[in-house]
Amino acid sequence: MAKIVFALNQSLDGFVDHDHPAFQPDPVLFRHFIDDVSGISGCLYGRRMYETMRYWDGDHLEWDAPEREYAAAWQSKPKWVVSRTLKSVGPNASLIEGDLAAAIHGLKAQHEGEIEVAGPELAHSLTELGLVDEYRLYLHPVVLGQGKPFFAGPRPPLRLVASDRIGEQVIRLTYVPA
């Protein structure tokens, strides 16, 4: 049975913003993300995060070798997109409509390994349904002061199970529901 993991970059004050320059990974952190996406069973996205990640469906001439490696790994993974507004999704992606709990229970039963969920609102919905098995916060040394919070609702009771320094600037905190 697959494990649902909510993993996302976060500022020290709890906000996510993938366009902020402080979240650009150094080479060590980017290698970590390449290895991470290579090892997961698939990706679960809300519409906004899926539209952001679709960047990796392209083939950009300016990409270096690690960016090409990340794109190839990401493209190879199945992606499930939860959306009420999208009518279609790109390559290797499926649209989830209807009963979210039933769909996620089905994904967990049909797959092994980890399915990463990205996007605070979707993660909040899954948390409320008791479907997030692990939370991975990648803390970056920046204070944004505003934006979209990592937790889109009340924080569930969590228990710290690991902390890792990745590269020069980032700490990954891993929690499970308490």
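In every chain, residue numbers begin from 1 and rise along the written sequence. Since the coordinates come from a predicted model, pLDDT governs what is reported: local features require at least 70, and pairs of side-chain atoms require 80 or more to be given and counted, while whole-chain, interface and lining totals use all residues. The side-chain values count all of the structure's non-hydrogen atoms but skip hydrogen atoms and water molecules.

1. Looking at the nonpolar core
Item 1. Within the largest apolar cluster, 48 residues are counted, with the highest numbers of intra-cluster contacts made by L44, Y70, I104 and L126.
Item 2. Throughout, a contact is declared for two residues whenever any of their heavy atoms are within 4.5 Å. Among all residues touching L44, those that are not within four sequence positions of it are W80, V82, I96, I104, L107, I115, E116, V117, A118, L122 and L126. Definition used in this section: a nonpolar core is a set of buried Ala, Val, Leu, Ile, Met, Phe, Trp, Tyr and Cys residues joined via side-chain atoms within 4.5 Å. A 1.4 Å probe rolled over the protein chains alone gives each residue an accessible area, and that area as a share of the maximum for its type sets the label: buried under 20%, exposed over 50%, partly exposed in between.

2. Here we look at the layout of surface pockets
Item 1. Quantified by volume, the largest pocket comes out at close to 790 Å³.
Item 2. Put plainly, a pocket is an open set of points on a 1 Å grid over the protein atoms alone with protein on both sides within 12 Å along at least five of seven lines, a cavity is a set where a 1.4 Å probe fits but cannot get out, and a lining residue has an atom within 4 Å of a point. N9, H18, M53, W56 and Y70 are, among the 26 residues lining the largest pocket, the residues nearest its centre.
Item 3. Secondary structure counts use DSSP, requiring at least four H or I residues in a row for a helix and at least two E residues in a row for a strand, with both numbered from the N terminus. Among the secondary structure elements, those contributing two or more residues to the lining of the largest pocket are β1 (3-11), α1 (27-39), β3 (42-46), α2 (47-53), α3 (65-76) and β6 (114-118).
Item 4. Top contributing element to the lining of the largest pocket by residue count: α1, with four residues. Grid points are joined across faces, edges and corners, and a volume is the space filled by probe spheres set on the points.

3. Regarding the UniProt feature "domain: Bacterial bifunctional deaminase-reductase C-terminal" (unreviewed entry) in the protein chain
Item 1. UniProt tags residues 3-171 as "domain: Bacterial bifunctional deaminase-reductase C-terminal" (unreviewed entry).
Item 2. End C-alpha to end C-alpha, residues 3-171 measures 22 Å, and it is 31% helix and 29% strand. UniProt positions are given in the numbering used here, feature names are shortened, and annotations may be inferred rather than shown by experiment.

4. Side note on the environment of Y138
Item 1. By secondary structure assignment, the location of Y138 is in strand β7 (residues 134-140).
Item 2. Of the residues examined, Y138 reaches a relative accessible area of 2% and is grouped as buried.
Item 3. In the structure, Y138 is positioned 33 residues away from I171 in sequence and 5.8 Å away in space, judged by C-alpha atoms.
Item 4. In this structure Y138 touches A7, L8, N9, Q10, L29, H32, F33, I166, V170, I171 and R172, once residues within four positions along its chain are discounted.

5. What to know about the packing of aromatic side chains
Item 1. The rule is short: rings of Phe, Tyr and Trp, with Trp giving its six-membered ring, pair when the centres are within 6.5 Å, and they are stacked under 30 degrees, edge-to-face over 60, tilted in between. Going through the model one piece at a time under the given rule, you end up with 13 aromatic pairs.
Item 2. Arranged with centres 6.2 Å apart and planes meeting at 40 degrees, the rings of Y45 and Y50 form a pair that is tilted.
Item 3. For Y45, a relative accessible area of 4% corresponds to the buried category.
Item 4. Members of the aromatic cluster, each reached through a chain of ring pairs, are F30, Y55, W56, W63 and Y70.
Item 5. In our convention, an over-ring charge means Lys NZ or Arg CZ found within 6 Å of a ring centre and within 35 degrees of that ring's normal. One residue, K79, lies across the ring of W74, its end atom 4.2 Å from the ring centre.

6. Some points on empty space enclosed by the protein
Item 1. The full count for this structure, using the stated rule, is one cavity of 30 Å³ or more.
Item 2. Its boundaries defined by the atoms lining it, the largest cavity holds a volume of some 50 Å³.
Item 3. Sort the elements by how many residues they give to the lining of the largest cavity and helix α5 (residues 120-128) lands first, with four residues.
Item 4. Residues were grouped as follows: Ala, Val, Leu, Ile, Met, Phe, Trp, Tyr, Cys and Pro as nonpolar; Asp, Glu, Lys and Arg as charged; and all remaining residues, including Gly, as polar. Considered class by class, the residues forming the lining of the largest cavity number nine nonpolar, three polar and no charged.

7. Topic: the pairing of strand β9 (residues 158-166)
Item 1. For two strands to count as paired, DSSP must find a minimum of two bridges between them. Note that β9 and strand β10 (residues 170-177) share eight bridges and pair antiparallel. Within β10, the residue paired with A162 across the bridge is T174.
Item 2. Turn length for the β9-β10 hairpin, with the two strands adjacent in sequence and antiparallel, is three residues, and the turn residue G167 shows positive phi of about 75 degrees.

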